[in-house]
Amino acid sequence: MAGLFNNLLVLFFVFQSICLGFRSPLSVFKRYKDTSRSFSSECLGSDQPVVSLGLSDFALDIRMPGVTPKQSDTYLCMSVPLPVDDEAYVVDFKPHASMDTVHHMLLFGCNEPSSTENYWDCDEGTCKDKSNILYAWARNAPPTRLPKGVGFRVGGETGGRFFVLQVHYGDISAFRDKHKDCSGVTLHLTHQKQPLIAGMYLMMSVNTVIPPGEKVVDADIACHYKRFPMHLFAYRVHTHRLGKVVSGYRVRNGQWTLIGRQSPQLPQAFYPVEHPVDVSYDDTLAARCVFSGEGRTTETHIGGTANDEMCNFYIMYYMEAKHAVSYMTCTQNANPELFRNIPQEANIPIQIMSDMLKMTHGHHEETKDSDKSSLLQQAKKEEEEILEQSNFYSLLSKLLGEREDVVHVYKHNPTEKAESDLVAEIANVVQKKDLAREITSHEERDSTNLVRDKIQSEHGEESWEKEHTGDFHIEEAVEWPGLDLKLGQISGLALDAENNLVIFHRGDHVWDENSFDNTFVYQQRGLGPIEQSTILVLHPSNAKLLHSLGKSLFYLPHGLSIDKNGNYWVTDVALHQVFKLGPDKKEPLLTLGVALQPGSDKNHFCQPTDVAVDPNTSSIYVSDGYCNSRIIQFSPNGLYVMQWGEGTETSLGRAKPGQFHIPHSLALIPDFSQLCVADRENGRIQCFRLETGEFIREIKHKSFGRELFAVSYVPGLLFAVNGMPYPGEAEPVQGFVMNFSTGEIIDTFIPLRKSFEMPHDVVASEDKTVFVGDVHARAVWKFASTEKSGTIVEGRLKNNPESTDPVKKQEKQHLVQQHTSTGISFVLITTLLIIPVVVLLAILLFIRWRKTAVYGGNRDGEHKLDSSSGRILGRVRGKGSGGLNLGNFFASHKSYSRKGFDRVSTEGSDQEKDEDEDTDSEEECSAPQTPPAPSSS
């Protein structure tokens, strides 16, 4: 009995000590400073990196292995494997560092670290695959704990299997004594499944310039949110010395709701969101950093060294597990006009007392006893103010047993961009609904007739066209074995002169949100070029491999076309180049663009998407691309001729003619001297004159949805594929067949085996055999037409009109009437016989339906709901999230020394640099994929 009493007493004291930790961030900060003050000069830490905390919980100690940086602004990385194979959840972070020696720390989750060494220079990268930021620390921030029921998912089938710690050593004067540093973080993990999954959303300015002596400089960031709902529970701000205040908001229907506002000169911890804030589809997330350039004699740019600046607003959020996305970023200002209405508080710096600043910077040990007394009084006053401001959260935390010195950020790109992309970059653009298409069928026929008349009036009497009436259907050729090929991400398709199928794929490389930084510089050069053959020539009937090429040439393949001489023309979005390859040549015959250097002048591309070659003139046309919005024409030998196009002004509503948001695919129409462009994010096809770039027409249908990925032409017909529908929209992902003259949709098609996920390219032959390549499903489908006789009517254009002879018209009318009269009696008799049978069948079906509704309806409904949820979750996961390399990102900025910054690999972090997106980041990162809207339940 005494033993039981002793055990209960011990448990009581343990519980009491835990409860005493439920205090404000400032109180935790003070206690943490007292216990960790000397850690940076002594490698204390645990001899056991993994410590059991009970049946389901354990602690993991992640520390630098006793390092001594040799120069300032050094970034060092080390990795620790997750000690368990099954899924686990991180619920607590305890840092071990002092800003006397460490500028900041970042903790990543991934599956393959960039090195297997004990530690390494982060110039080599952090992770070889996609990575997510799990934790960030700077300026003596206190521990970070998550609310009850919320955790970062690691391990298992979807979570990372390694933790990578990155430590930025700013000023190394503290290492004059050559001591060893063991800074790091201890994680509390649990095997108990968490119903809510935590994530990180990073808002980061990438192009702010602070003029010397300027008193007030604003850095604004804003992105449209295009994902499932997320709930914000903590925030963290980050700048360097010039930052005065950082504020973050949710904007909904013009109303600004504060997420958090803080001085970046205070401990850079995650502070609780004072009042619960949720973010839903189509909300805007906005942030502002206020800087002062006073005291500087030169311009200050965004960068990774201590003398550069940063503007980061981190948001920790949680989502339902089935929709969870672990990391998202926002690095642009999608709506500058929005900030005219930002609350005035965002422009008012937060004053920091000098004593508090000393404590924050770790210098309180130098003060006298009287100064310490004053400091403690000021700290107590500040703590009372914080408690007063967040009393609601404090009360809630104590009632629920949550730990209040919080949490983490959610990135989605969106996305999807992620996607995304990430996703790479994120899909922030949303086009307004095309109300012009919501017209009566009569009006639509009238308008299409006008279009047809206009087109026909532009061609002479020698022009011929096949006018398709649509009396045929495209169906999957289920006997084609090519669907089961083991391929990488399929980015491009083409047909050669023998109608063999040519596939351009990415082998073991993937485009995700970890592929590029925010200046579109490729971040995975260390992987080397793709070692597999990236161009495959297959027999169109049996999918037998006929020929292959393209080994060790490309990093991220994208567009593919074949000219009249059988040469392959391809684009690589990582290299930012266009290549001409001979069918039997290992080296390119012609190269356009500068390797690995994005740009927007005559000699550079920025993620070029497709290329087309005019068979009549051999002129070269390049769609450029994800980060430029233009079509460029080159001479046959690669000399610049002209360009046209501009970016879409999304804030003004519907895109204008000649504006692009990712010109993604090209279809050259040599018969009419036109070039048609799949304007992806504007969900339309635009056609232009080859000679001048003059806009001719737009083809847009409501059934296209928001995105149109690819377009292909055969005489008389256009083929196209769209993207997944946005939340709240019903347009399915499918293929389209259109009459080229009128733009009318003749047919749509979907596969029977598997399903479209992100159909990326389409190609068709004159016999209406169609191939579709899907970058997510990594599959190629073959479709064929089932065509009835008399479906194609050939007619001369304007100067060869249809005959109007009245005698011939009467003959035709007589034949029609005769045919109709002979069939009336047969139809009448058949109908009278069938009616009783149909009525009887209807009664039987009704009885069967009633029985099913009573005994099996609920189970069926649940099954359908689960299936739907699984598909939605699959789409979310299909847009992998990744990390950003901030170091490489800032290297292009003026007055920045690459040496201190290239070392960071995080999708926008404290390196002091990012996809889905979500993107392609096909993932595709540049415009990440957005999942369907969640069900109302």
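Above this text you will find the structure in question.
These numbers were taken from a predicted model, which means no experiment stands behind them.

*Asks:* Would you take a moment to explain the sheet that holds strand β43 (residues 695–699) for this structure?
*Replies:* Remark on secondary structure: sheet strands pair via backbone hydrogen bonds, oriented parallel or antiparallel. With respect to topology, four strands assemble into an open sheet ordered β40-β41-β42-β43, the strand pairing being antiparallel. Each edge of the open sheet carries a strand with a single partner, namely β40 (663–669) and β43. Mean inter-strand twist for the sheet, computed between neighbouring axes without regard to direction, equals 20°.

*Asks:* Hey, could you run me through the nonpolar core in this one?
*Replies:* It is characteristic of soluble globular proteins that their nonpolar side chains tend to be buried jointly. Among the nonpolar cores identified, the biggest contains 95 residues, and Ile62, Phe163, Leu187, Leu189, Tyr201 and Met230 are the most heavily contacted of them. Counting residues per element, this core draws most heavily on strand β12 (residues 196–204), which supplies seven residues. In terms of nonpolar packing, the next biggest core, distinct from the first, is built from 25 residues, Phe719, Met758, Ala779 and Phe783 among them.

*Asks:* Any chance you could explain the pairing of strand β34 (residues 608–613) here in plain terms?
*Replies:* Within a regular strand, the side chains alternate between the two sheet faces. For β34, the tally of buried residues reaches six of six residues, placing the bulk of the element in the interior. Strand direction decides the pairing type here: β34 and strand β35 (residues 620–624), joined by five bridges, are antiparallel. The residue of β35 that forms the bridge with Val613 is Ile620. In this structure, the hairpin formed by β34 and β35 is closed by a connection of six residues, where Ser618 is found at a positive phi of approximately 65°.

*Asks:* I would appreciate a short explanation of empty space enclosed by the protein in the present structure.
*Replies:* By rolling a water-sized probe across the atoms, one finds the places where empty space is left. The space that makes up the largest cavity amounts to roughly 60 Å³. Mapped onto the lining of the largest cavity, the elements with two or more residues apiece are β30 (557–562), β34, β40 and β48 (759–764). By residue number, the principal contributor to the lining of the largest cavity is β30, which donates three residues. Taken together, the residues of the lining of the largest cavity break down into two nonpolar, seven polar and two charged.

*Asks:* In this structure, what is going on with the state of the cysteines? I would like to understand it.
*Replies:* Every disulfide links exactly two cysteines, by a covalent bond between their sulfur atoms. In total, this model carries six disulfides according to the counting rule given. Shown here is the disulfide that connects Cys606 with Cys627, its sulfur atoms set 1.9 Å apart. Judged by the torsion about the S-S bond (-100°), the Cys606/Cys627 disulfide is left-handed. One end of the pair, Cys606, is in the loop between β33 (590–592) and β34; the other, Cys627, is in the loop between β35 and β36 (630–634), with 21 residues separating them in the sequence. Judged by its relative accessible area of 22%, Cys627 falls in the partly exposed class. There is a disulfide in this structure between Cys676 and Cys687, and the S-S distance comes to 2.1 Å. The S-S bond linking Cys676 to Cys687 shows a torsion near 100°; that makes this disulfide right-handed. Residue Cys676 is located in strand β41 (residues 674–679), and its partner Cys687 is located in strand β42 (residues 684–689); the two are separated by eleven residues in the primary sequence. The burial state of Cys676 is the same as that of Cys687; both residues are buried.

What counts, and at which threshold
- Residues numbered from 1 in each chain as written.
- Predicted model: local features only at pLDDT ≥ 70, side-chain atom pairs only at ≥ 80, totals over all residues.
- Heavy atoms only, no water.
- Pairing = 2+ DSSP bridges.
- Helix = DSSP H or I, 4+ residues; strand = E, 2+ residues; numbered from the N terminus.
- Axes fitted to C-alpha atoms, helices over the stretch in contact; angles between N-to-C directions.
- Core = buried A, V, L, I, M, F, W, Y, C linked by side-chain atoms within 4.5 Å.
- Buried < 20%, exposed > 50% of the residue type's maximum accessible area, 1.4 Å probe, protein only.
- 1 Å grid on protein atoms, 1.4 Å probe; cavity = no way out; pocket = protein on both sides within 12 Å on 5 of 7 lines; lining within 4 Å.
- Points joined across faces, edges and corners; volume = space filled by probe spheres on them.
- Nonpolar A, V, L, I, M, F, W, Y, C, P; charged D, E, K, R; others polar.
- Disulfide = S-S within 2.5 Å.

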